[in-house]
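Read off the chains here:
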Amino acid sequence: MSRFSVENIRNFSIIAHVDHGKSTLADRLLELTGTIDKTKNNKQVLDKLQVERERGITVKAQTASLFYNWEGKQYLLNLIDTPGHVDFSYEVSRSLSACQGVLLVVDANEGIQAQTVANFFLAFEAQLSVIPVINKIDLKNADPESVEKQIEKVFDIPGDECIKISAKLGTNVERVLQAVIERIPPPKVHRINPLRALVFDSTFDQYRGVIANVALFDGVVSKGDKIVSAHTKKIHEVNEVGVLNPNEQPAHKLYAGQVGYLIAGMKDVTEAQIGDTLYLHKQPVEPLPGFKSAKPMVFAGMYPIDQSEYNNLKSAIEKLTINDSSVTVHRDSSLALGAGWRLGFLGLLHMEVFNQRLEQEYNASVILTTPTVPYKAVLSSAKLIKDYREKEITIINPAQFPEKSKVTEYLEPVVLGTIITPDEYTGKVMMLCQARRAVQKNMIFIDQNRVMLKYIFPLNEIVVDFYDSLKSLSSGYASFDYEDAGYQTAELVKMDILLNGNIVEELVTIVHKESASRGGTERGRQRIRSRLQALSCQPRAQCGAETCELQDHDLSQSWKLNRLRHPGAPRDKAHSVGKAICERLKDSLPRQLFEIAIQAAIGSKIIARETVKAYRKNVLAKCYGGDITRKMKLLKRQAEGKKKLRKVGNIEVPRDAFIKVLKTQSDK
Amino acid sequence: MRSCLVTEAQTLLGLSGVRRVDSVFFGGGTPSLASPNTVAAVLEAVDQAAHLPADSEVTLEANPTSAPGSRLAAFGAAGINRLSIGLQSLDDKELQLLGRTHSASDALQTLAEARRLFPGRVSVDLMLGLPAQKSGPWLRQLQELLGYCDDHISLYQLTLERGTALFTQVQRGTLPAPDPEVAAEMYQEGRALLREAGFRQYEVSNFARNGALSTHNWTYWQCGQYLGVGPGAHGRFVPQGAGGHTREARIQTLEPDNWMKEVTLFGHGTRKHVPLGELELLEEVLAMGLRTDVGITHQHWQRFASQLSLWDVFGSSQEVKALLVQGLLLLDHRGLRCSWEGLAVLDSLLLTLLPRLQEAWLQRAPSPGQGG
């Protein structure tokens, strides 16, 4: 490996929106460089998980070292494949920090999508060279020229820098490799300095322990070296180093500028966290910037469908998390659902993928409760501060929500969302965003008929069904992506669900006091309409020449005014959430011998109510000699079932009712 | 068929060791299609094998026909002394919906003829809770029926049985599903109307005045012994004639051909006989007894559970107490019974009472020789 001088090394990633052809391009590059054989079976070689191939996303970063001869020189091109979704944006950013350039793949038919934008900015912020690649030019409806213009417009990259290819057919793929060599600089590294290696991914192997994927910024590492993690300060002895092609291939040494793997007797992926820096024992170096521990943004309860499956599920979760240190696991139990866990995920897709992997790889079926986000509370009560030993606490479980009198303010996580949509749907999209308490940051036409909108969203407004709503109102054309944008103050309240006055602990929910009607107020609609009219007054061509940025302050201003004028705005958030829970409970609570009042309450104020009427008649009409056996059997079975019901006060609540209320509602 | 019925009746009576039969009920399917001679032959056999007193209740289930007169008289001559008419509705459209071949006028004619032949011993039944049926018109039907009926009425809520035409229609959506709320209202209003008309609701679905209760059905609810004769018939008795001491639940073979073969070969076509445990019997005593207005008297309970009184079982239970407080159930010096409101929701009450009985049974001081 030492034969490659740093000048002949290139480290790059491919970034793209889902389905724009990232993995197919990777397959072609691997074939072209002889890394893998050219067969028909090379379909998304780097996507190793079943979920990845099925959903067309990359969950785990994969890496391959390619050898390529060009103009008489042999080059080592390290392709660092990134996770394909911003849920994993931290991992993406770590992968990118091991690179000097990226291939930004855009579908010639679909054009720039929200994720393209998010990925571009990650690369841009990391100051990487960006090579735009317009893929799928073989498609009938491909319009590479228009996409070229979009790229000019949105990313400020001259159109002639775009490489137009068909990864599927292999058209122009060779040009991509050459561009990597020409346009991406070699890594700035020093072999003579002491070792400084970035961990950009890690996996767990049952037999060999943790396999850390590393990029060497300085120095050399070989078998037998003692290395230290800058994060854990633990010392490990290196057992094996090597390159990935894409399977592990042992080597004697890894040199600065190279990318490869390292095995050093680590027994847990938390010992080689993504973003960590490794250095030689007794030769400490300045750690590489940007390390963060994974921070879960979405929490959900996970319970076995049947308690007898608890242990199986437990071991399945353990096996999966051993490879994914970004999932946090806390034991939890619910009176209704039994013993389970509260899991923290990086985002919604991460959660879905985890759940799907449980089902596919471990054959475990689970109850997943509606996801919640980590709220924060700044405490004012001296006693609570003492109890928690900190002033600002994160609330993961609604049951631990501190009351208003003990709190200076509540905070909620927000994200910066990017939406790209054909402009015919702009009105509807804006309406949807408004209903989700989003604040518009800007809006530009990226070409003749497509609009890019940026909004600050409260995270909890998008965790459940935002994406589905967006897709359905835009006939599938709008795309959405988001990135973490910190916390903002929020008016949060705890909502109790009562059955005949008794609180149902497992249904306590944190909701927003803020009013934001789902359908939008009439005034809000008018405002959107007039803004759209104002926009459409401008000739498109002119609009294309410069971005029609809209400052958000006038929007939020009128928004506040609107609020002042309508203090008790119709159907606020708490109402609609409360009503929905009450309705779902009503549908799933069996009638009993007395009337059941189902109420949603904030403090002592009832905000929604449903009633389950008492049984007026429940008795078998005909019961003579021939009916007794059957009737007794039925009664006993019912009585047996009744024993398993959870009692709230004197009301029997079947487990199903809780599941229906708590479960993620995907069938909206 | 006739000789098989006779044979099986004789065999089972012998097996039971019963010496006197208080009631006979020809029911299930369409027994009025059988000939009066068959009825006479069976009754003759019963009287021979055991004693059938002259005042025993002998009921025939009959469907209305257009010319009922002579045939009913022939059944009377064969020994029938009580008639239960499957009238079901006084609305021709509803009768059609129910798949009945008779008309409302057939029904009234049959009823009039029956009353002439068996005065004071005729029962009619009326269906409620049909698809799209409204409470008001149904109550008017009941009112009309009160003008024609004798001293016994049964009110039945329709249950959609899989495999019937009605079930299919509801399934396909060509008919609306019956609304349980409306059915509940009909039931409540109907029983109130009958009470005003001087009828005693002596069981969940059965109403009688002038003491015209059905002795035969009463036996079921009191967990008396009964033999089931004929294809698919159910019985519950102690086979004392064969030296048995345990009450058995018995079912005869359902398919007529097989049943006949078995009767010819073995004298009876019992397909299944399951001994009932003591607790199981008590559960039946509870579930059946509470269907009646008198409920379960202490005396009655003692006949089945000498070691465990009603007070022992239900006296200290908080859940039962809640039902008493709610006024759905009564437990007093007479025994345990449903209130007027409670009777309508008995199946819900039993879901509290049955587990309580099981619990008390398991906790009782075990007495020697008693099994669970």
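Parameters and conventions
Numbers given to residues run from 1 along each chain, matching the order in which its sequence is written. Chain A is the first chain written and ligand 1 is the first ligand written, with later ones labelled in order. Only residues with pLDDT of 70 or above have their local features reported here, since the model is predicted, and side-chain atom pairs are shown and tallied only from 80 upward, although totals for entire chains, interfaces and linings are computed over all residues. Water and hydrogen atoms play no part in the side-chain values, which are based on all heavy atoms of the structure. Any pair of residues with heavy atoms lying within 4.5 Å of one another is described as a contacting pair. Defined in terms of a 1.4 Å probe, buried area is the accessible area two parts forfeit on being brought together, summed over both. The rule for a salt bridge is simple: a side-chain nitrogen of Lys or Arg has to be within 4 Å of a carboxyl oxygen of Asp or Glu. Here a polar contact is recorded for every N or O atom pair within 3.5 Å, except that within protein the pair must consist of a potential hydrogen donor and a potential acceptor, and residues adjacent in sequence are included only if both atoms are side-chain atoms. Counting from the N terminus, the helices are DSSP H or I runs at least four residues long and the strands are E runs at least two residues long. Classification used: nonpolar for Ala, Val, Leu, Ile, Met, Phe, Trp, Tyr, Cys and Pro, charged for Asp, Glu, Lys and Arg, polar for all others including Gly. Here the expected length of a helix is defined as 1.5 Å per residue gap, with one fewer gap than residues. Exposure is judged per residue with a 1.4 Å probe applied to protein chains only, and the accessible area is read against the type maximum: over 50% gives exposed, under 20% gives buried, and values in between give partly exposed. Only the six-membered ring of Trp is used, alongside the rings of Phe and Tyr, when aromatic pairs are assigned; centres must lie within 6.5 Å, and planes under 30 degrees apart are stacked while those over 60 apart are edge-to-face, with the rest tilted.

J.: Please set out the interface of chain A and chain B residue by residue, giving values where relevant.
T.: Residue-level contacts link 28 residues of chain A with 41 residues of chain B. Taken together, both faces of the contact between chain A and chain B bury some 3,200 Å²; the carbon and sulfur share is 58%. Area buried by chain A at its contact with chain B is led by Leu593(A), Arg616(A) and Tyr624(A), which between them contribute 22% of it. Across the contact surface, chain A and chain B share four salt bridges. Put simply, Glu319(B) and Lys647(A) hold a salt bridge, and the shortest N to O gap is 3.8 Å. Applying the counting criterion to the chain A and chain B interface returns 20 residue pairs in polar contact (both at pLDDT 80 or more). No other element matches the eleven residues that helix H17 (residues 628-643) of chain A contributes to the side of chain A that touches chain B. Across the side of chain A that touches chain B, the residue classes tally to twelve nonpolar, five polar and eleven charged.

J.: Could you give an account of helix H1 (residues 2-16) of chain B, with specific residues and numbers?
T.: Note: α-helices contain 3.6 residues per turn, so residues at a spacing of three or four share the same orientation. Residue and element names in this part refer to chain B. Its 15 residues place the ends of H1 21 Å apart at the C-alpha level, agreeing with the 21 Å of an ideal helix rising 1.5 Å per residue. Of the residues making up H1, those classed as buried are Cys4, Leu5, Val6, Glu8, Ala9, Leu12, Leu13 and Ser16. In this structure, the buried side of H1 is in contact with helix H2 (36-49), strand E8 (234-237), strand E9 (248-252), helix H10 (256-266) and strand E10 (270-275). Backbone geometry just after H1 places Gly17 at a positive phi near 70°.

J.: Provide a residue-level description of the packing of aromatic side chains, including the pertinent values.
T.: Per the counting criterion, the structure on display carries 17 aromatic pairs over all chains. Here Tyr202(B) and Trp218(B) contribute two aromatic rings whose centre-to-centre distance is 6.0 Å and whose plane-to-plane angle is 40°, an arrangement assigned as tilted. With a gap of 16 residues between them, Tyr202(B) in strand E6 (residues 200-203) and Trp218(B) in helix H9 (residues 215-221) connect regions that are remote in the sequence. Of the residues examined, Trp218(B) reaches a relative accessible area of 22% and is grouped as partly exposed. Put simply, the rings of Tyr624(A), Tyr202(B), Trp218(B), Tyr220(B), Trp221(B) and Tyr226(B) pair up and form one aromatic cluster.

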